[in-house]
Amino acid sequence: MTHDPARPFGRLLTAMVTPFAADGSLDVDGAAKLATHLVDEQRNDALVISGTTGESPTTTDAEKDTLLRAVLEAVGDRAQVVAGVGTNNTAHTIELARAAEKAGAHGLLVVAPYYNKPPQAGVARHLLAVADAAGLPVMVYDIPHRAGIAIATETMCRVAEHERIVAVKDAKGDLTASSWVLARTDLAYYSGDDATTLPLLAVGGVGVVGTSTHFTGAQTQDMIQAYERGDVATALTAHQRLLPLFTGIFRAPGTILVKAGLTVRGLPAGPVRSPLVDASRAEIDQLISDAAAAGLPLAPDTIEETA
């Protein structure tokens, strides 16, 4: 793996779902197989493990550690593996960060503390404490519609001064705010919303942490590289072609539809854990339609109705 400071985690990352067995237990072999597919076939430079798409709210700390180690063993020699460690408890987040470092993770994803809505001073203290606690590069995750708070521009600029806070997963949906941070810091910005990857590149972003990229990875990698070499027309054509899946994957929570699509493709996924519910027949049919509209038809339907 080559390391480019401007793109500390490469261009293309997928927030990987966590495969479960039929009984809901962790499917370790399936996780290794899926990670291998995402790196070798979908051309991911890095994977995010135990993000929200990986159902981190319903996996135990021990399961997170087992999953991380399995993925590192499967692909860690040729892709970076970033551990999602963010919680709304600073002490617990530090514990997860140190465990991920011990396991061999290449980086950490730390979401804004959710639900308890700390003031910006608390957000900054949380992020800086985690960066201090482990010797790994940190990607900050700004996603107000889930966390309940945004990371303010001034806060982002403040934490950017920490040598290990190097990147942002940007799901704020505010390109102006992102532009201001990009103008004032060296943070590498990755879109946290598949459909805004190209717009974010236009204001200085470097890539995406994707969800539809379980299926669109190779094409998204091509889109980013086309933009980088100045072929904006090709990048725009790819963006417009992939929009049905960039957006369609979020008709329901992305985890639900990714797992449905992977099952159609014959790849490891399994069920979701409660309180999520598996995709309905109608949702599966819509996903198949969205994928076909994006020029990436899924395999023949093999899923029985689950809801």
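Residues numbered from 1 in each chain as written. Predicted model: local features only at pLDDT ≥ 70, side-chain atom pairs only at ≥ 80, totals over all residues. Heavy atoms only, no water.

Quick note on the threshold: UniProt positions are given in the numbering used here, feature names are shortened, and annotations may be inferred rather than shown by experiment.
The protein chain carries the name 4-hydroxy-tetrahydrodipicolinate synthase in an unreviewed UniProt entry, which gives Krasilnikovia cinnamomea as its organism. UniProt, in the comment section headed Sequence similarities (unreviewed entry), describes the protein chain in these words: "Belongs to the DapA family." Looking at the Pathway (unreviewed entry) heading of the UniProt record, one finds this comment for the protein chain: "Amino-acid biosynthesis; L-lysine biosynthesis via DAP pathway; (S)-tetrahydrodipicolinate from L-aspartate: step 3/4."

1. Quick word on the UniProt feature "binding site: pyruvate" (unreviewed entry) in the protein chain
Heads up, the rule is: For every residue, the accessible area (1.4 Å probe, protein chains only) is compared with the maximum for its type, and the residue is labelled buried under 20%, exposed over 50%, or partly exposed between those bounds. Secondary structure elements are taken from DSSP: a helix is a run of H or I of four residues or more, a strand is a run of E of two residues or more, and numbering for both begins at the N terminus. Two residues form a contact once any of their heavy atoms are found within 4.5 Å.
Using the residue numbers shown here, the UniProt feature "binding site: pyruvate" (unreviewed entry) corresponds to Thr53 and Val209. These annotated residues cover 157 residues of sequence, and their C-alpha atoms lie no more than 10.9 Å from one another, placing them together at a single site. Threonine 53 sits in the buried class, given a relative accessible area of 14%. By secondary structure assignment, the location of valine 209 is in strand 8 (residues 207-210). Valine 209 has contacts with Leu13, Ala15, Val48, Met139, Lys169, Tyr190, Ser191, Gly192 and Asp194, leaving out every residue within four places of it along the chain.

2. Looking at the side chain of histidine 37
With respect to the helices and strands, the residue histidine 37 is situated in helix 1 (residues 28-40). If near-sequence neighbours (up to four positions away) are discounted, histidine 37 is found in contact with Gln42, His214, Arg265 and Leu267.

3. Thoughts on the environment of methionine 223
Looking at the element boundaries, methionine 223 is found in helix 9 (residues 213-228). Contacts of methionine 223, omitting those with residues within four sequence positions, involve Thr197, Leu198, Ala235, Ala238, His239 and Phe246.

4. A short note on the UniProt feature "site: Part of a proton relay during catalysis" (unreviewed entry) in the protein chain
The feature "site: Part of a proton relay during catalysis" (unreviewed entry), as annotated in UniProt, sits at Thr52 and Tyr115 in this numbering. The largest pairwise C-alpha distance within this set of annotated residues, which runs over 64 residues, is 14.3 Å, so the set is compact in three dimensions. When you line up the elements, threonine 52 lands in the loop between strand 2 (46-49) and helix 2 (61-75). In this structure threonine 52 comes out as partly exposed when scored by relative accessible area, which is 33%.

5. Description of empty space enclosed by the protein
Applicable threshold: Only protein atoms enter the 1 Å grid, on which a cavity is a set of points fitting a 1.4 Å probe that cannot get out and a pocket is an open set with protein on both sides within 12 Å along at least 5 of 7 lines, lining residues being those with an atom within 4 Å of a point. Grid points are joined across faces, edges and corners, and a volume is the space filled by probe spheres set on the points.
One pass over the full model with this rule turns up 1 cavity of 30 Å³ or more. The calculated volume of the largest cavity comes to roughly 40 Å³. What lines the largest cavity is simply Asp142, Ile151, Ala152, Thr153, Met156, Asp170, Lys172, Ala177, Ser178, Val181 and Tyr189. Elements with a minimum of two residues in the lining of the largest cavity: helix 6 (153-159) and helix 7 (175-184). Among the elements that make up the lining of the largest cavity, the one with the highest residue count is helix 7 (3 residues).

6. With respect to unusual backbone geometry
With an omega of 20°, the peptide bond running from serine 274 to proline 275 counts as cis. As for its placement among the helices and strands, proline 275 is situated in the loop between helix 11 (254-265) and helix 12 (281-293). In the Ramachandran plot, lysine 117 falls in the positive-phi region, its phi being about 50° despite a non-glycine side chain. Mapped onto the elements of the fold, lysine 117 is located in the loop between strand 4 (107-111) and helix 4 (120-133).

7. Considerations on the pairing of strand 5 (residues 138-142)
So the rule is basically this: For two strands to be treated as a pair, DSSP must find no fewer than two bridges joining them.
Among the 5 residues of strand 5, 5 are classified as buried, and the element is accordingly described as predominantly covered. Burial of the side chains of strand 5 extends over both faces: Val138, Val140 and Asp142 are buried on one face and Met139 and Tyr141 on the other. Across 4 bridges, the pairing between strand 4 and strand 5 is parallel. Bridging across to strand 5, valine 111 finds its partner in tyrosine 141. Alignment of strand 5 against strand 6 (residues 165-170), held across 5 bridges, turns out to be parallel. When the sheet's bridge partners are listed, methionine 139 is paired in strand 6 with alanine 167.

8. What about the packing of helix 3 (residues 90-103) against helix 4?
Heads up, the condition is: Axes, fitted as lines to C-alpha atoms, cover a helix only where it is in contact. Angles between the N-to-C directions of the axes lie from 0 to 180 degrees. Convention used here: angles under 35 degrees read as roughly parallel, angles over 145 as roughly antiparallel, angles from 65 to 115 as roughly perpendicular, and any remaining angle as oblique. The sense of a crossing depends on the near helix, which, turned anticlockwise from the far helix by less than a right angle, makes the crossing left-handed and, turned clockwise, makes it right-handed. Gly is put with the polar residues, along with every residue not named as nonpolar or charged; the nonpolar set is Ala, Val, Leu, Ile, Met, Phe, Trp, Tyr, Cys and Pro, and the charged set is Asp, Glu, Lys and Arg.
Packing of helix 3 against helix 4 brings their axes to within 9 Å, and their N-to-C directions diverge by 30°. Judged by the inter-axis angle, helix 3 sits roughly parallel to helix 4. In terms of crossing hand, the pair formed by helix 3 and helix 4 is right-handed. Touching Thr90, Thr93, Ile94, Ala97, Arg98 and Glu101 of helix 3 are His126, Ala129, Val130 and Ala133, all from helix 4. The class makeup of the residues in the contact of helix 3 with helix 4 is 5 nonpolar, 3 polar and 2 charged.

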